[in-house]
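Understanding the architecture of this molecule
Here is how the chains run, residue by residue.
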Amino acid sequence: MLQFLTHSLTQSSRPSLKNYLRPSWFVFNFLLILLWSSHAEAARLLSWRFEPNQNQLSFSTDGGVQPAALMLSNPARLVIDLPGTSRGGIAPNQFVGGLIREVRVGQYNAQTTRIVVELAAGYTIDPRQVVFQPNGSNQWLVRLPQPTAQSQTLPTTNIPVPNVGNSPIFNPNASSGLPFQVTQSGFFLTGVTGNAQIRNRRSDDRRTVELEVEGASFPAGLLGQTIAVNRYGVGQVQFTQNRNSPSIVNIAMSVNNDAPDWQGLYNRQAQGLLLAPVGVSTSQLESASVANPVANAPNSRLAVIRGLELSSDRTQLLIRSDQPIRATGSLDANRNFRITIPNAQVGNPLPQPRLDINSPISRLQVIQQDSQTVVINLQPSLGANLGQISQVNSQLTALNIFPQSLANPLPPLSSLPPLPPQSPISPISPIFPINPPNQSNPSIDLPAVRGRQLVVIDPGHGGRDPGAVGIGGLRESGIVIDISQQVADLLEQQGVQVRMTRTTDVEVDLAPRVNMANQVNATVFVSIHANAISMSRPEVNGVETFYFSSGRDLAASIQRSILEAIPEMNDRRARQANFYVLRNTRMPAALVEVGFVTGAEDAPRLRDPAFRSRMAAAIARGILRYIQ
């Protein structure tokens, strides 16, 4: 293999790069990376814990690891990467509370485990006072300073970590060798200095992965070059300096349209940049056909658009497909919105939502623009604003829709700022304990009721429809089933009969939810949801409760009870809304939004089992006050 790589790079590199091809340096660097890769496959994170009283984090691995640390802002968080380490089956998070909200652990990519210490909104720590204390190469203690109020937005800050002598993911010694190397981890660039900020995007036809690197200096021999690598499904890599912004270097990788995304991992201390695939290892791509930068063959397996529908609360247009899609959107001056889905075809039949005078969308059209492109044209109703498009899961894509009262009119998606860096465990569903049945909340007195009372509790979403997905991958469906079960338990303790529209993580359409309440002749119907808005607006937080007609007093009672029990929450009031489950139930009905999964204040609260218990008790008290 070594001979093949040397021959391939020598033949495919441009003449101006040949002066870098020194066999002795190449062999030396390749062997270092090979040794690191073999070591990385075996390393696992064995244990970790955060001790709030001492403000320190400890973790251990079954092999040597050289951590790298960054201090990020918005929200303030300490990020610790463990190259060559897998997370294994250990607990993914620990809610702390106070000025340090939470510690999370996730698999950032196939080669890196990431630990994130997230601080409370408005607070940060001085990165210069973060101390890494190694105990050999397998155990580490990280001491944190006391958090302080954040007076300004801080830039990304690298934090020095003592080197314990292990070969890290970036090889500092490689800077005197070839500036571009094919390794068992991806493509390795040496001699990159500065403080790189990296943005990723994919072309509409999915045949080019573009990395925009700002604030870093590259070796002069790379800029302006196109290197044919013919490895891991990548045909060539091109380096160009942005003419309009000289501080930006664009890296364009030609790939197959069914290839995974690629990312850039930068280490300032090692002066190296690794280009690595997302979600898969390079060994899985070793046999992948090489992308032809001139003419790629069309994708033989197009995604099929199976249907469109509005979410139960009409805040999302959901696009169902049989495999992941890459949808982009644009809004013109006449409020005509266009969603373009490459490498896709329209299914037959294609279920679509029925639009009426109360729908957030006034017009909807799905067309097969060409043999491989689906276009969805739509126009929002007066008073509705369109947000960003997000991939909820492998078969569900969502376009967010917001009433005008919730947000200022949003600019076209093409002008929206990029999403803030995601929590490293965003692909992992947040795991939190469900409170045991009949667990009362002694802090709230629940009134008793007389006579027969039957309440239908409706946990929103479920199954294939997780609802809103917010900060750190926080899923609405998991939050509301927990709160709803606790509300039901508390009501039953007070002698109320309760029916739930779902008790497990299953998908239930809107009509069956309403039919259940009408058939059992329920006293009241209460639907429980979690709110969301654009990830770029974490300042939007709060609780609100909706009604259609007869549910006004019920909604007001629930809203008032929540604010009494949790006064720190923003009051977004009890308001009228034309949701399906509210206007089609024959009894007083309310829909409560328990907070924003996209909110910097609400998301950490909703992750907290104790907060969800407080919320459940407050909702139960509001219902009991109304029906007593």
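Residue positions within a chain follow its written sequence, with the count starting from 1. Reporting in this predicted model follows two pLDDT cut-offs: at least 70 for local features of residues, and 80 or more for side-chain atom pairs to be given and counted; totals over whole chains, interfaces and linings ignore these cut-offs and use all residues. As a rule here, side-chain values come from all non-hydrogen atoms in the structure, and water together with hydrogens is ignored.

Below, the discussion takes up the pairing of strand β32 (residues 497-500). Partly exposed describes any residue whose relative accessible area lies between the buried limit of under 20% and the exposed limit of over 50%, with all areas from a 1.4 Å probe on protein chains only and scaled to the type maximum. To qualify as a helix, a DSSP run of H or I must reach at least 4 residues; to qualify as a strand, a run of E must reach at least 2; elements of each kind are numbered from the N terminus. Burial along β32 is one-sided: V498 and M500 are buried, and none of Q497 and R499, which face the opposite way, are. We call a crossover right-handed when, viewed with both strands directed away from the observer, the connection leading from the first strand over the helix to the second proceeds clockwise. Traced from strand β31 (residues 454-459) through helix α4 (residues 476-493) to β32, the parallel crossover comes out right-handed.

What follows covers the packing of α4 against helix α9 (residues 609-627). Throughout, an axis means a line fitted to C-alpha atoms (over the contacting stretch in the case of helices), and angles, computed between N-to-C directions, take values from 0 to 180 degrees. Where α4 contacts α9, the two axes come as close as 8 Å, and the packing angle between them is 50°. Between α4 and α9, the crossing angle belongs to the class labelled oblique. Note that α4 runs across α9; the crossing there is right-handed. Contacts between α4 and α9 involve I479, D482, I483, Q486, V487, L490 and L491 on the former and, on the latter, R612, S613, M615, A616, A617, I619, A620, I623 and L624. Gly falls in the polar group here, along with every residue not listed as nonpolar (Ala, Val, Leu, Ile, Met, Phe, Trp, Tyr, Cys, Pro) or charged (Asp, Glu, Lys, Arg). Class assignment for the residues of the contact of α4 with α9 results in 12 nonpolar, 2 polar and 2 charged. Convention used here: angles under 35 degrees read as roughly parallel, angles over 145 as roughly antiparallel, angles from 65 to 115 as roughly perpendicular, and any remaining angle as oblique. Here a crossing is taken to be left-handed if its near helix is turned anticlockwise relative to the far helix by less than a right angle, and right-handed if that turn runs clockwise. Here, residues are in contact when the closest pair of their heavy atoms is within 4.5 Å.

All right, on to the packing of helix α6 (residues 552-565) against α9 then. Interhelical geometry of α6 versus α9 gives an angle of 140° and a closest axis separation of 8 Å. Taken together, the axes of α6 and α9 are oblique relative to one another. Considering the relative orientation of α6 and α9, their crossing is right-handed. Across from D553, L554, S557, I558, S561, I562, E564 and A565 in α6, the residues of α9 making contact are R614, M615, A618, I619, R621, G622, I623, R625 and Y626.

Any pair of Phe, Tyr and Trp rings, taking the six-membered ring for Trp, is counted once the centres come within 6.5 Å. Such a pair is stacked with planes under 30 degrees apart, edge-to-face with planes over 60 apart, and tilted for the rest. Throughout the structure, instances matching the rule amount to 4 aromatic pairs. Measuring from ring centre to ring centre gives 5.2 Å for F187 and W262, while their planes differ by 10°; the resulting arrangement is stacked. Pair noted here: F187 is in strand β14 (residues 186-190) and W262 is in strand β20 (residues 262-267), with a separation of 75 residues, a long-range link. Summarising the burial analysis for this pair, F187 and W262 share the class buried. Clustering of aromatic rings is evident, with ring pairs tying together F187, Y232 and W262.

So, on to unusual backbone geometry. That bond from N348 to P349 is cis: its omega, 5°, falls within 30 degrees of zero. If you trace the backbone, P349 turns up in the loop between β26 (344-346) and β27 (361-370). Even without being a glycine, N343 presents a positive backbone phi close to 55°. As for its placement among the helices and strands, N343 is situated in the loop between β25 (337-342) and β26. Even without being glycine, H461 reaches a positive phi, approximately 60°.

With 19 residues, α9 should cover 27 Å at 1.5 Å per step; its first-to-last C-alpha distance of 27 Å lies within 8% of that length. A large share of α9 lies buried, amounting to 15 of its 19 residues. Its side-chain oxygen 3.1 Å from the backbone nitrogen of A610, D608 forms the N-cap of α9. The span one expects for a helix is its residue count, reduced by one, times 1.5 Å. In protein, a polar contact means a hydrogen-donor-capable atom and an acceptor-capable atom, both N or O and within 3.5 Å, with residues adjacent in sequence counting only if both atoms are side-chain atoms; elsewhere, any N or O pair within 3.5 Å suffices.

Below, the discussion takes up the pattern of salt bridges. Salt bridges are counted wherever a side-chain nitrogen of Lys or Arg sits within 4 Å of a carboxyl oxygen of Asp or Glu. Taken as a whole, this structure holds 22 salt bridges when the rule is applied. Where R114 meets D81, a salt bridge forms, and the shortest distance between an N and an O atom there is 2.6 Å. Of this pair, R114 sits in strand β7 (residues 112-119) while D81 sits in strand β4 (residues 77-83); the two residues are 33 residues apart in sequence, bridging distant segments of the chain. Overall, R114 belongs to the buried group, its relative accessible area being 11%. Connected through shared salt-bridge partners, R199, R201, E210, E212 and E214 make up one network.

With that settled, consider the sheet that holds strand β24 (residues 328-331). Here a strand pair is declared whenever DSSP counts at least two bridges between the two strands. If you trace the 4 strands from one edge of the open sheet to the other, you get β24-β25-β28-β27, paired in antiparallel fashion. At either margin of the open sheet sits one strand with a lone partner, and together these are β24 and β27. Going from strand to strand, the sheet's axes swing by 20° on average, the running direction of each strand aside. Here 6 bridges tie β25 to strand β28 (residues 373-380), and the two strands are oriented antiparallel to one another. Bridge assignment links R338 to a residue of β28, and that residue is N377.

What follows covers the environment of L70. Tracing the sequence through the fold places L70 in strand β3 (residues 68-72). Separated by 57 residues in sequence, L70 and P127 have C-alpha atoms that sit 8.3 Å apart.

With that out of the way, let us pick up the pairing of strand β21 (residues 272-277). Two faces make up the sheet, and in a regular strand the side chains alternate between them. A large share of β21 lies buried, amounting to 6 of its 6 residues. Taking every second residue as pointing to the same face, both faces of β21 are buried, with G272, L274 and A276 on one and L273, L275 and P277 on the other. Two elements, β14 and β21, share 4 bridges in a ladder whose sense is antiparallel. Each bridged residue has a counterpart across the sheet, and for T190 the counterpart in β21 is G272. Here β20 pairs with β21 via 6 bridges, running antiparallel.

Attention now goes to the sheet that holds strand β33 (residues 524-531). Overall, mixed pairing links the 6 strands, which are arranged β32-β31-β33-β36-β34-β35 in an open sheet. On the outer flanks of this sheet lie β32 and β35 (571-576), each paired with one strand and no other. Taken pair by pair, the neighbouring strands of this sheet meet at an average axis angle of 20°, ignoring direction. Strand direction decides the pairing type here: strand β34 (residues 543-547) and β35, joined by 4 bridges, are parallel. Looking at β35, one finds that F546 is bridged to R575. With respect to the sheet, α4 is in contact with β31, β32, β33 and β36 (589-596), its orientation differing from that of β33 by roughly 145°. Where helix α5 (residues 510-519) meets the sheet, it contacts β31, β32 and β33, and its direction lies at approximately 175° from that of β31.

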